[in-house]
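One-letter residues, chain by chain:
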Amino acid sequence: MTQLLTLSRAAQLLGVSRHILQRQIHDGQLAAYDGMVASEELLRVYPDLAIEDAGQPVTPMAGFSLAKCARERILPPKEILSRRLATQGGELAEVRKHLARYHDLIEALREKIESLAASAPSPAVEELRAVFEQGLAAILGSQESVDRVEVMDEVLRVFAAHVTVRPSGHEFFVEGAETVLEAALHAGLAPSYGCGNGNCGLCKARLIEGELRQVRNFDYPLSAVEQAQNYKLLCSHTAVTDVVIEMIEARTPADIPEQQIVARVKSVSSLDERTYLLHLETPRTNRLRFLAGQGVTLGIAGERAHYRGDFPVASCPCDDRNLLFHISRAHVEAGNAFAGRLFGGGVHAGDTVDVWGPFGEFVLKQESSRPLLFLCCDTGFAPVKSVIEHAMAVDTAPVIAVYWVATRPGGHYLAKQCRAWAESLDNFRFRALDAADADAAALAVAAAALADAPDAAAWDVYVAGARIFVDAVAARLHAAGLPLEQIVAVVA
């Protein structure tokens with residue numbers, strides 16, 4: 001029997017990105033039914049799909065696979081694996097019971113037909129007996145192949161549980177020993193949470209269908225009413241079976257509360273001769289909740305206010321407790337006090353740093369399905385990197401194109417990372433450009449982007465860099481036909 005799968009499930013089985021299946025559906029190569037794909041359609045388009053290759057990525061960085069699980073040792077804990085196998089064993093036992101009942105029914109029908117043929121022979125009874133015998137012989141002699149997609153789906157259900165979120169309809173998979181909260185963050189979602197270790201209760205969500213199991217201790221006391229309504233702490237539970245949960249998600253910057261935390265400097269390293277990578281680690285009991293592309297204010301803990309500075313976060317919210325920042329001498333030259341302290345040797349591993357935020361509107365347009373065009377100058381790549389990693393996690397953009405212009409030699413300090421993305425992802429394009437200053441950079445990057453994508457209105461464009469760069473690029477693209485509402489810009 002044909003099985004219908006969601007695009008997320010089909011992408012997981014094939015080891016491809018969802019946008020590839022969406023493109024095939026759009027181009028008429030793959031038929032879809034109300035957002036679902038039939039197993040026979042998948043086998044028609046991917047005829048070489050084999051059960052032993054279940055979940056192995058057809059394209060690099062395509063997410064879950066059995067090979068990845070074995071290689072990276074991210075198999076579920078023994079008790080979860082055992083529970084999932086027991087669940088499938090129970091389902092198999094139910095199927096066997098039904099088959100036994102059908103067998104008994106067929107035998108009863110056979111005996112009844114034979115009895116009628118002996119006691120009251122007639123052409124009608126003989127016709128009935130012939131139809132019954134021929135139909136039974138056809139079924140028993142059938143060489144119909146097993147639905148490979150259905151078998152693969154059953155195998156993968158043992159290793160990764162599927163989560164559907166209400167009311168958003170978002171989907172993700174819980175792999176290995178992940179909690180539901182960790183899996184949601186890795187999938188690019190923005191759930192409500194605070195500590196991540198069972199103390200604050202902000203990640204509580206209502207379990208609607210399926211089974212969750214506690215895998216970590218928690219101190220937050222759920223009320224009797226919450227327990228009766230089946231609320232669970234997502235930071236302390238994993239999914240045993242496929243589940244449906246009701247969960248609060250942030251969709252805009254206005255949904256993220258302002259926070260103040262004290263983080264620890266994990267490392268300070270050089271990206272190039274003019275740029276430092278500052279790596280902060282938040283406390284286990286107090287994570288920073290933010291949307292990709294937003295910024296924060298950093299300050300030396302215990303020092304006076306004039307040692308503060310504003311910076312975009314260069315890491316993705318899916319990176320748990322790690323906060324990364326690209327801080328350059330240009331920040332110092334612009335009067336950024338925190339950057340001056342950093343370049344003056346006043347920030348070291350182990351130091352504590354005050355973090356206030358988040359702030360800013362440089363975030364992914366969640367409601368849009370247009371391709372993404374990123375135009376950045378110098379350390380404007382920092383918020384761009386954060387949004388790109390988020391876009392990869394949610395896997396909805398049909399194309400991601402990055403144009404990074406540097407105003408000094410060697411200013412593309414993470415060009416290798418961009419080239420690795422371009423080599424690994426079929427929908428990722430990268431160009432490195434050079435210019436003498438921010439004004440020339442704006443002219444160069446706008447000209448290059450419009451030459452490659454003359455229909456500017458077809459894109460969502462994200463612009464990051466110095467003020468003169470951002471304003472000039474936005475003006476040139478708007479003049480080329482790009483609506484202002486499709487431009488997201490930040491001074492970085």
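Look above for the structure.
Regarding the side chain of Asp272
Here comes step 1: You can see Asp272 is positioned in strand 10 (residues 259–272).
Here comes step 2: Look at Asp272 and you get buried, because its relative accessible area is 16%.
Here comes step 3: A polar side-chain atom of Asp272 sits 2.9 Å from the main-chain amide nitrogen of Arg274.
Here comes step 4: At 2.6 Å, the side chain of Asp272 and the side chain of Arg408 are in polar contact.

Notes on the packing of helix 5 (residues 78–119) against helix 7 (residues 148–159)
Here comes step 1: With their axes 8 Å apart at the nearest point, helix 5 and helix 7 run at an angle of 145° to one another. Across the interface between the two elements, Leu81, Arg84, Leu85, Gln88 and Glu91 of helix 5 pack against Glu154, Arg157, Val158 and Phe159 of helix 7.

Side note on the sheet that holds strand 3 (residues 160–166)
Here comes step 1: Reading across the sheet, the five strands line up as 4-3-9-5-7 and stay open at both edges, with mixed pairing between neighbours. Lying at the two open borders of the sheet, with one neighbouring strand each, are strand 4 (171–175) and strand 7 (231–233). Taken over all neighbouring pairs, the strand axes of this sheet differ in orientation by 40° on average, direction set aside.
Here comes step 2: By the bridge criterion, four bridges tie strand 3 to strand 9 (residues 243–246) in an arrangement that is parallel. Residue pairing across strands places Val165 opposite Ile245, the latter belonging to strand 9.
Here comes step 3: Sheet strands touched by helix 1 (residues 7–14): strand 3 and strand 4. Its angle to strand 4, the strand with the most contacts, is close to 40°.

Points about the sheet that holds strand 17 (residues 400–406)
Here comes step 1: Read from one edge of the open sheet, five strands run 18-17-16-19-20, paired in parallel fashion. The sheet is open, and its two borders are formed by strand 18 (428–434) and strand 20 (487–491), each paired with just one other strand. Here the average twist between neighbouring strands, direction ignored, is 10°.
Here comes step 2: Its contacts with the sheet put helix 15 (residues 467–479) on strand 16 (372–377), strand 17, strand 19 (460–465) and strand 20, and the angle it makes with strand 19 is roughly 155°.

What to know about the environment of Leu207
Here comes step 1: The residue Leu207 is located in strand 5 (residues 204–209) in this model.
Here comes step 2: For the pair formed by Leu207 and Tyr102, sequence separation is 105 residues and the distance between their alpha carbons is 35 Å.
Here comes step 3: Not counting residues within four places of it along the chain, the set of residues in contact with Leu207 comprises Leu212, Asn230, Lys232, Val243, Val244 and Ile245.

Side note on the pattern of salt bridges
Here comes step 1: The tally for this structure, following the rule as stated, stands at 21 salt bridges.
Here comes step 2: Salt-bridge contacts for Glu333 lead to Arg274; the nearest nitrogen and oxygen are separated by 3.4 Å. With Glu333 in helix 10 (residues 329–333) and Arg274 in the loop between strand 10 and strand 11 (275–281), this pair connects stretches of sequence that are 59 residues apart.
Here comes step 3: Accessibility expressed as a relative area gives 61% for Glu333, which makes it exposed.
Here comes step 4: Under the relative-accessibility criterion, Arg274 is labelled partly exposed at 23%.
Here comes step 5: The residue Arg431 makes a salt bridge to Asp452 at a minimum N-O spacing of 3.0 Å. With Arg431 in strand 18 and Asp452 in helix 14 (residues 438–452), this residue pair connects regions lying 21 residues apart in the sequence.

Thoughts on the packing of helix 14 against helix 15
Here comes step 1: At a minimum axis separation of 8 Å, helix 14 and helix 15 run at an interaxial angle of 35°. The two elements helix 14 and helix 15 cross, and the hand of that crossing is right-handed. Residue-level inspection shows Ala438, Asp439, Ala441, Ala442, Leu443, Val445, Ala446 and Leu450 of helix 14 in contact with helix 15, the latter providing Ile468, Phe469, Ala472, Val473, Arg476 and Leu477.
Here comes step 2: Split into classes, the residues belonging to the contact of helix 14 with helix 15 amount to twelve nonpolar, no polar and two charged.

Examining the side chain of Ser386
Here comes step 1: Relative to the helices and strands, Ser386 resides in helix 12 (residues 381–394).
Here comes step 2: The exposure class assigned to Ser386 is buried, which follows from its relative accessible area of 0%.
Here comes step 3: Sequence-distant contacts of Ser386, that is, excluding residues within four places in its chain, are made with Ala292, Gly293, Val313, Ala314, Ser315, Cys316 and Pro317.

Regarding unusual backbone geometry
Here comes step 1: Of note, the amide linkage connecting Arg166 to Pro167 takes the cis form, showing an omega dihedral of 10°.
Here comes step 2: Residue position: Pro167 is located in the loop between strand 3 and strand 4.
Here comes step 3: That bond from Gly357 to Pro358 is cis: its omega, 5°, falls within 30 degrees of zero.
Here comes step 4: Tracing the backbone shows Pro358 in strand 15 (residues 352–359).
Here comes step 5: In this model, Asp378 sits at a positive phi of 55°, which is unusual for a non-glycine residue.
Here comes step 6: Turning to its location among the elements, Asp378 is positioned in the loop between strand 16 and helix 12.
Here comes step 7: The phi dihedral of Asp395 falls on the positive side, at around 55°, and the residue is not glycine.
Here comes step 8: Position of Asp395 relative to the elements: it lies in the loop between helix 12 and strand 17.

Observations regarding helix 1
Here comes step 1: Where burial is concerned, most of helix 1 is hidden: eight out of the eight residues are buried.
Here comes step 2: Gly15, located one to two residues past helix 1, shows a positive phi value of around 75°.

Considering the nonpolar core
Here comes step 1: If you look at the biggest cluster of nonpolar residues, it comprises 27 residues, and the most contacted ones within it are Leu375, Tyr403 and Phe469.
Here comes step 2: Listing elements by their share of this core, those giving two or more residues are strand 16, strand 17, helix 14, strand 19 and helix 15.
Here comes step 3: Each residue touching Tyr403, except ones within four places of it in the same chain, is listed here: Leu373, Phe374, Leu375, Cys376, Arg431, Leu433, Val445, Ala448, Ala449 and Asp452.

Quick look at the packing of aromatic side chains
Here comes step 1: Taken as a whole, this structure holds eight aromatic pairs when the rule is applied.
Here comes step 2: For the pair Phe311 and Phe338, a centre-to-centre distance of 5.9 Å together with 70° between the ring planes defines the contact as edge-to-face. Of the two residues, Phe311 is situated in strand 13 (residues 308–312) and Phe338 in helix 11 (residues 337–343); the sequence distance between them amounts to 27 residues. Like Phe338, Phe311 is buried.

About the cut-offs
Residues numbered from 1 in each chain as written. Predicted model: local features only at pLDDT ≥ 70, side-chain atom pairs only at ≥ 80, totals over all residues. Heavy atoms only, no water. Helix = DSSP H or I, 4+ residues; strand = E, 2+ residues; numbered from the N terminus. Buried < 20%, exposed > 50% of the residue type's maximum accessible area, 1.4 Å probe, protein only. Polar contact = N/O pair within 3.5 Å; in protein donor to acceptor, adjacent residues only side chain to side chain. Axes fitted to C-alpha atoms, helices over the stretch in contact; angles between N-to-C directions. Contact = heavy atoms within 4.5 Å. Pairing = 2+ DSSP bridges. Salt bridge = Lys/Arg side-chain N within 4 Å of Asp/Glu carboxyl O. Left-handed = near helix turned anticlockwise from the far one by under 90°. Nonpolar A, V, L, I, M, F, W, Y, C, P; charged D, E, K, R; others polar. Core = buried A, V, L, I, M, F, W, Y, C linked by side-chain atoms within 4.5 Å. Phe/Tyr/Trp six-rings, centres within 6.5 Å; stacked < 30°, edge-to-face > 60°.

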